[in-house]
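Observations on chain architecture
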Amino acid sequence: TTTTTTSATTTLRTPLAAAMSSSLGGSGARGSRMALFVFNPTLTPENPRPTEEEISDAKIVYYSPSCASLEEKRSQVGLVEGLISFAAMFNQQEKGPLQAIRT
């Protein structure tokens, strides 16, 4: 599995995905990290009849800050999954659904 993350760019090469959400300060010179997470959309809960929340939670491998609410974590991961799905509609090459997200 190869996932490379730099300060504001995320490169996705496998189903295991990493994403970073950042917010620029007043001058725009430096950004502050709001969230950093790694998820795997192929992971599923062990429960034979999982709820929608359990399915979303099972995909999250790592999330920082850990004090974020479960709803915020699910929302951030869902947004990135949506971006990946949207970008896949325009992909005509075999490089994978998405090469980079810059936020």
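Scroll up for the structure.
What comes next concerns the included structure.

Calculation notes
Residues numbered from 1 in each chain as written. Predicted model: local features only at pLDDT ≥ 70, side-chain atom pairs only at ≥ 80, totals over all residues. Heavy atoms only, no water. Salt bridge = Lys/Arg side-chain N within 4 Å of Asp/Glu carboxyl O. Helix = DSSP H or I, 4+ residues; strand = E, 2+ residues; numbered from the N terminus. Buried < 20%, exposed > 50% of the residue type's maximum accessible area, 1.4 Å probe, protein only. Phe/Tyr/Trp six-rings, centres within 6.5 Å; stacked < 30°, edge-to-face > 60°. Contact = heavy atoms within 4.5 Å. Core = buried A, V, L, I, M, F, W, Y, C linked by side-chain atoms within 4.5 Å.

One pass over the full model with this rule turns up three salt bridges. Among the salt bridges present, the one from Lys59 reaches Glu81, with a minimum N-O distance of 3.2 Å. Taken together, the residues Lys59 in helix H1 (residues 52-59) and Glu81 in helix H2 (residues 70-88) connect sequence positions 22 residues apart. Classification of Glu81 as partly exposed rests on a relative accessible area of 22%. Of the charged contacts in the structure, one is a salt bridge between Glu71 and Arg74, with a shortest N-O distance of 3.7 Å. With a gap of three residues between them, Glu71 and Arg74 both fall in helix H2, about one helical turn apart. Residue Arg74 is classed as buried on the basis of its relative accessible area, which comes to 19%. Among the charged side chains, a network of salt bridges with common partners joins Asp57, Glu71 and Arg74.

For the rest of this paragraph, the subject is the packing of aromatic side chains. Inspection of the entire model under this criterion finds two aromatic pairs. Ring geometry for Phe37 against Phe39: centres 6.3 Å apart, planes inclined by 40°, an arrangement best described as tilted. Relative accessible area serves as the criterion here: at 1%, Phe37 is assigned to the buried category. Phe39 gets classed as buried once you look at its relative accessible area, which sits at 1%.

Let us look at the environment of Glu54. Assignment of secondary structure puts Glu54 in helix H1. Spatially, the C-alpha atom of Glu54 lies 8.2 Å from that of Thr44, the residues being 10 residues apart in sequence. Excluding residues within four positions of it along the chain, Glu54 makes contact with Pro45, Asn47 and Arg49.

What follows deals with the nonpolar core. Counting residues in each nonpolar core, the largest one holds nine residues, listed as Ala35, Phe37, Phe39, Ile60, Tyr63, Ala68, Val77, Val80 and Ile84. Secondary-structure elements contributing two or more residues to this core are strand E4 (31-39), strand E5 (60-64) and H2. When neighbours within four sequence positions are excluded, Val77 is seen to be in contact with Phe37, Phe39 and Ile60.

Scope: geometric values only; no functional claims are made or implied.
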